[in-house]
Structures are given as structure tokens and as C-alpha cells.
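# Inside the fold
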Amino acid sequence: MPSPIALNPPAPSPSIFKETRSPRKLPLMSTAMTYLSAVQKADTRARSRNSSAESSPTRSIPSSVTASSEDSILSDDDTNNCLVNPLTPPTSEVFATLHTEFGHCANEAHRCVSQHDYTKPFQDYATEEPPYYILFTTYISYLMVICFGRARDFFGKRFAKSYFTHLMPHNGYAPLNSDFDSFYTRRLQRRVDECCSQPVAGVPGRTVLILDRYSTDYNVTKIYTGTKTRALNISSYNYLGFSQARGGCSDAVRESIRRYGTSTCGTRLESGSNELHVFAEALVARFLGTEDALVSSAGFATNSTFIPALVGKKSLIISDELNHTSIRVGARQSGAQIQMFKHNDMSSLESVLREAISQGQPKTHRPWKKILVVVEGLYSMEGTLVNLPRIVELKQKYKFLLFVDEAHSIGALGPHGRGVTDYFNIPPRSIDVLMGTFTKSFGAAGGYIAGPKILIDALRLHGHSGPYAEAMTPPVLIQVVSSMASIMGVAPSSQSTKSALALNPTSSIVTPRDGAEELSGMAPSSMLPIWMNLHPALADGSEARMRIRRLAFNSRYLHQGLKKLGFITYGHPFSPIVPLLIFNPGKMSMFSRMMRSRSTPIVVVVVAYPATPLVTSRVRFCVSAAHTKEDIDMVLQACDEVGEILDLKHGLGERWGIDEVCRRAVELVHSTV
């Protein structure tokens, strides 16, 4: 089926890549109709075994199916696999997405709205402490690893020198790696290396294909078996499920490659800018409700290269102690003084502000040129939400500049998916600089900086990404534009001509004409490339609204379910990042292996020092709108069984059984935390 966005599709040219036929029972399907036909047959077979399935409302999700993925193959063996087909077969709804990429769920009860309740004060969720014996055994575990590791290094350098050549002077050359600096990597991280950096094949959607591998030398090298295993994916940054091989966004990306190629082959300040950058930056500014915005090709570089352009010597950066490494790198490169405040502690922040303002610069005590407070909207390792209302109050009182990193919150929080400002219903222009990435919620790559036009124009020239970094590629830009436009909704041409915002063709500035409330409305069709024709369900924003509400339900359900099962978790209930505390490093690797070795494999991410404090190793679940309620049930049941074996249930409060948690899921989601 040709892409609906192609106005004049050219005649297909012969390809040097041959399409291979699958050895499975059904042939490779090249159109959505053949895929839907296969789904219908599989549904009929499933319903014949389970005639008591309940019907649910109709939900049609646009998509096109290509013949390039083995995910589109359905066989009789797959019908028994809950990762390929729903546990409850559909009866009245028609789904055009693959269940492996985006789960089929038409139950409106499995939806929720992510929004702050101003009838209650902001609640800073306290972290629970484990029993003392857990902390004691954790420290003992690290002590044993250090002692045995040091002993092996000591004797190995003397009796097995061939294995330690890279750590000792050799033929007059100094060692490239210090044995002290690389000790953690060699003696601890390598032991759990099979739990990290797991190669995958295919789309990182609701499920993912992992490449099977094993090691015969304790993870120094790994051997790939050539086989693949499909697993439930609870580890990828794919919050809204836009990372798909099929659908309106994928069709637009494919058409952009035909029109613009794969790269701009230049930097933004040289020959790397094209019209897609203008469209993307205008749309980002409209989406966020700011005057202007710029885009960068890498999220990490957005912080590390633009923060030095914001502040310099004789300026002060006040940073949350748990801010991301990219913020820390950018702050150090700026040359400004840096002070820290306790994580999300507003009393600590105010104390640092009062001291800094009253004392001024060191030695001279002159006033600071600038004071920039840098926080994250949603902290990636803790899952905690910034206390933005209180910070805005302090901003009005002490007159500092505010930088909010929304890498994990943009698209994932708020009733309209516009991040923490949307969640708290705070005007975006009350924040000086809004930063975010396109990796997590938009299925793309890169980042953005948004704010006043005069500031953005200065950053275009003085930020290192402008003259030195490769510009964002056309396919990535179109993925950003199409996914963001689907969240906003696209106004028809008759309405867009009356829009209160105008696109300046010489820059990406969005000029307000009437009220600020218009900034939260639909995107005028003039802000999209003229050749882009999104499917009606994408253009009217209905599909994106469904995704945002599904993500809110899944996040809150997993968070509340783990707490009811007795686990210690961090973070805000609406956070799509749900850390489950494991503490002991040995249990960390075992948790990952046991989850992956289940009858229905589950891929998780385990995180330890130095990304976290030494004794708070954790598994970090990343929830997606692509997951169904049954998927979260499966994760909770697996955690319940593994947690009992590994002694991980040390949380306080009322405990429920797994059956009760699954049965009362909707009640849990809508209950008061």
C-alpha cells in the first residue's frame, strides 16, 4: 500500500536488496489488509478456544504494514504467545497496529489523566529505609568483592602477568588503564555485564527481540548463538509508543527520506539547515508555549553545549544534587561558580539562594552577574517530580533565572503531554529556559532549547552545537514533527488561516497575536510541510490523547501495585520511571536473569553505582503507553515471585496479594496516594 502522504508517488525503482521469504508457515505480508486478515483468522481461532471473551468498544489505530519486518508474520504457533496476540481476543474492535509494537487495549477504564490536584499541597514522597540487615549484607558484599578483587590483582600481576599486561608498564609504555580506576569495571561491573547493553533486533516497542548470547570467560567476551528471543520490553524510553515501524509517523519518515535524503551533511550555521528545521523549531515553540526554540542533534549535547552559552565567569549556577551528568558537564565547562542544594528540597534551595545573594562573589563580594537555578522536571534515576510551584514562588521572590530540563517529563506528564508546566498548570513563560529531548516520548533523537526569542537567537550563535555539531537529519526531524503534531492536533486549513499565531519564514519564532491561551491549542496546518498528510486519528489528536492517558494509567498502576506488594519504590506515582530498590549487588544480577528466564521473558534495566549511591542498586522500569493492563499484571506477578525468592519486600504499609492487586487495578490507580 503506498504511503498516504505521497502526493505523486514515483514508480518503484528496482532495489539491490532482495526480499527474503520467511521459513514460517504464512508468507510475508506486504499490506495492512493482509495483516488484518491474519489477525482476524488468529482471532477466530483464539475465540474458538475462549468463547467467553468480553467485547469492548471499537478502536481503530492507523498504520501501514511493510514487508520488511518478520514481526508481521503470524503462525499457528504464535497464537498461543501473549506477546504476539492479546490474552483476551478482540471481538468488535479493529486494530491496525501490531500487538508486539503497540498493545491492543480498547478498555476505557484503563485510562487516567496526569494532573496535579491543587486542593492538596505538593507531596514530596519520602524514601523508605530497608532493615539494617539488608544494609549490612550489602556493605559486606561490596567489601568481599573489593578484598577478593585486590587479592587477585596482587597475585595476578606477579604470577599471571600475561593477563595484566594492559595494567602494567610494558616495553617502555605506560599502561593505558590504571588498575585502580578500572577496578570497579573489571571486578564488579563485568560480573553483571550480561544484564547490561543487551543487543536487540527490531522495534523497541511493547516487546523486543533480544539477541541470545553467552560467555565462557566470565563476560570478557560474548558468543552470539544466532537465535533471538521475544521478550516483554519494560526497559526502553518509549513513553508514548511512537517508536513504531508502522503508522502515520513512519510513513512520513519514509517519505522524508525520498524527498530530503538521510542527512543534511553540515552544521546549522553552515550548510546544514533546511526548511524542516524551521518547521520543527516553530512547532516546538508552539507546543511549549514559548516565543522561540532551537533543536540540537543530541540530547546530552543540548545541555553540555548550551549551558556554557548561558552563563560564564562571575555567574552562579545552583544545581540540584541529583541533576543529570549532561547538566554537570555543561556547568563545569561554563566557568561559573557552582553550588548544590539537596534533592528537591526547597528549604535547602532557599538557604543557598539567601547565602549566595547576601555574600555575593568570593573574595570581592560583588553581586553575581547571573544566578541560574537548574533543575530537572522528572529525575531519571529517582522518578521524582520537581516541586515547580514552589520554585516559581522562589523565583518571583529572589529574581533568579530558571532552567528546567524536561528530558523525561515532556510528552509523558500533564493532561496534554506538555510536561511539568502542563502537569502543574503553570504558564510556560514563567520559566526562562525550557530544555527537553525527543528521545523519550517522540520516538526520535536530539533535544531542544525553548525560551524568549532574544535568548534563543543568542544561543544559536554562541552554543557550540551551532557551529560544530552535525544538524539533525531529515528523517529524525519528520519523526519529531509528525509525533508532536499528533499530540497537539492539526487544525484544518480553514481554521489555521484564522490562527492567532504566525510562522515567520526567516526564523522559527511563533508570534502571539491574541492571548496566551491560544498557545495550548492545535497546530495550524501551515506549520507542517505541505506534503505531509497525517491520518485523521493523528491529525485530530485523538490517538495521542489515548496514548497519554494510557501511559498515566500504566505508570500509576505499576507504582501503586509494587507498593501494595511490599516493595520499596522511589518516585512520583505518575512518573513513567519506576525504580524498585534491590540494594545488594548480587541480587541485582539475579533479578535481571530471573526476569529474562521466565516462560514469558521480561527485559529490565538494572542500575548500580556510580549512577546511583553505592547501597541503592535498583531495577528501573520504564513504562510505555504501548503496554496493556495485562502486561503490567505480568510484570507485577513476576516481581512478586522473584521478590519473594530474593527477599526484596521490605516496604511499609498495607500489603495485598497479587490476585487482589490485579483485580483492583482501576481502584488502585484512582485511589489517593
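Okay, so let's go over this structure.

Rules used throughout
Numbers given for residues are sequential positions, taken from 1 along each chain in its written order. Confidence filtering applies because this is a predicted model: local features only for residues at pLDDT of at least 70, side-chain atom pairs given and counted only at 80 or more, and all residues used for totals across whole chains, interfaces and linings. Calculation of side-chain values draws on the structure's entire complement of heavy atoms; hydrogens and water are dropped beforehand. Runs of E in the DSSP output that reach at least two residues are strands. Runs of H or I that reach at least four are helices, and both are numbered from the N terminus. Relative accessibility under 20% of the residue-type maximum defines a buried residue, over 50% an exposed one, and the middle range a partly exposed one, all with a 1.4 Å probe and only protein chains included. Shrake-Rupley sampling with a 1.4 Å probe provides the accessible areas, and residues are treated as covered by the protein chains on show and by no other component. Under this scheme, a helix contributes an axis fitted over its contacting stretch, all axes are lines through C-alpha atoms, and angles between N-to-C directions fall in the 0 to 180 degree range. Comment on the angle field: the value is read as roughly parallel under 35 degrees, roughly antiparallel over 145, roughly perpendicular from 65 to 115, and oblique elsewhere. Each helix crossing is assigned a hand: it is left-handed if the near helix lies turned anticlockwise from the far helix by less than a right angle, otherwise right-handed if that turn is clockwise. The contact definition used throughout considers only heavy atoms, calling two residues in contact when any of these lie within 4.5 Å. Criterion for a salt bridge: a side-chain nitrogen of Lys or Arg within 4 Å of a carboxyl oxygen of Asp or Glu. When the centres of two rings from Phe, Tyr and Trp lie within 6.5 Å, Trp using its six-membered ring, the rings pair. Their planes under 30 degrees apart give stacked, over 60 give edge-to-face, and anything left gives tilted. Ring-over charges, as used throughout, are those where CZ of Arg or NZ of Lys falls within 6 Å of the ring centre and within 35 degrees of the ring normal. Residues belong to one nonpolar core when they are buried, are Ala, Val, Leu, Ile, Met, Phe, Trp, Tyr or Cys, and are joined through side-chain atoms within 4.5 Å.

Before going further, it helps to spend a moment on the overall build of the protein. Each helix and strand counted, the protein has 20 helices and 18 strands in total. Each of the 673 residues in the protein was classed as buried or not, and the buried ones make up 56%. Carbon and sulfur atoms form 56% of the exposed surface of the protein, whose accessible area is close to 30,100 Å².

Direction vectors running N to C along helix H8 (residues 346–359) and helix H9 (residues 388–398) enclose 15 degrees, while the axes themselves pass 11 Å from each other. One finds that H8 runs roughly parallel with respect to H9. Along this stretch, H8 crosses H9, giving a crossing that reads as right-handed. Of the residues in H9, those touching H8 at Met346, Leu349, Glu350, Leu353, Arg354 and Ile357 are Arg390, Ile391, Leu394, Lys397 and Tyr398.

The full count for this structure, using the stated rule, is 31 salt bridges. Among the salt bridges present, the one from Arg593 reaches Glu194, with a minimum N-O distance of 2.2 Å. Note that Arg593 is positioned in helix H17 (residues 585–596) and Glu194 in the loop between helix H3 (183–187) and strand S1 (200–201), a separation of 399 residues in sequence. Judged by relative accessible area, Glu194 falls into the buried class, the value being 15%. When the shortest N-O distance is used, the salt bridge between Glu393 and Arg390 registers 3.1 Å. Of the two residues, Glu393 and Arg390 both sit in helix H9, three residues apart, roughly one turn of that helix. On the basis of relative accessibility, which here comes to 27%, the residue Arg390 falls in the partly exposed class. Among the ionic contacts, a cluster of salt bridges with common partners joins Arg268, Glu281, Asp292, Lys453, Asp457 and Arg460.

Enumeration over the complete set of coordinates arrives at twelve aromatic pairs. Three or more aromatic residues joined by ring pairs make a cluster, and in this case those are Phe122, Tyr423, Phe424 and Phe574. Arg150 extends its terminal NZ or CZ atom over the ring of Phe183, reaching a point 4.1 Å from the ring centre. Positioned over the ring face of Phe154 is Arg158, at 4.0 Å from the centre of the ring.

This paragraph deals with the nonpolar core. Leu388, Phe438, Phe591 and Phe621 are the most contacted members of the largest nonpolar core, which totals 125 residues. Ranked by residues supplied to this core, first place goes to helix H16 (residues 542–564) with nine residues. For Phe591, the residues in contact, after removing those within four places along its chain, are Ile582, Val604, Val619, Phe621, Cys639, Val642, Leu646 and Leu648. Core analysis: the next-biggest nonpolar cluster, separate from the first, contains 17 residues, Leu294, Ile307, Ile327 and Leu372 among them.

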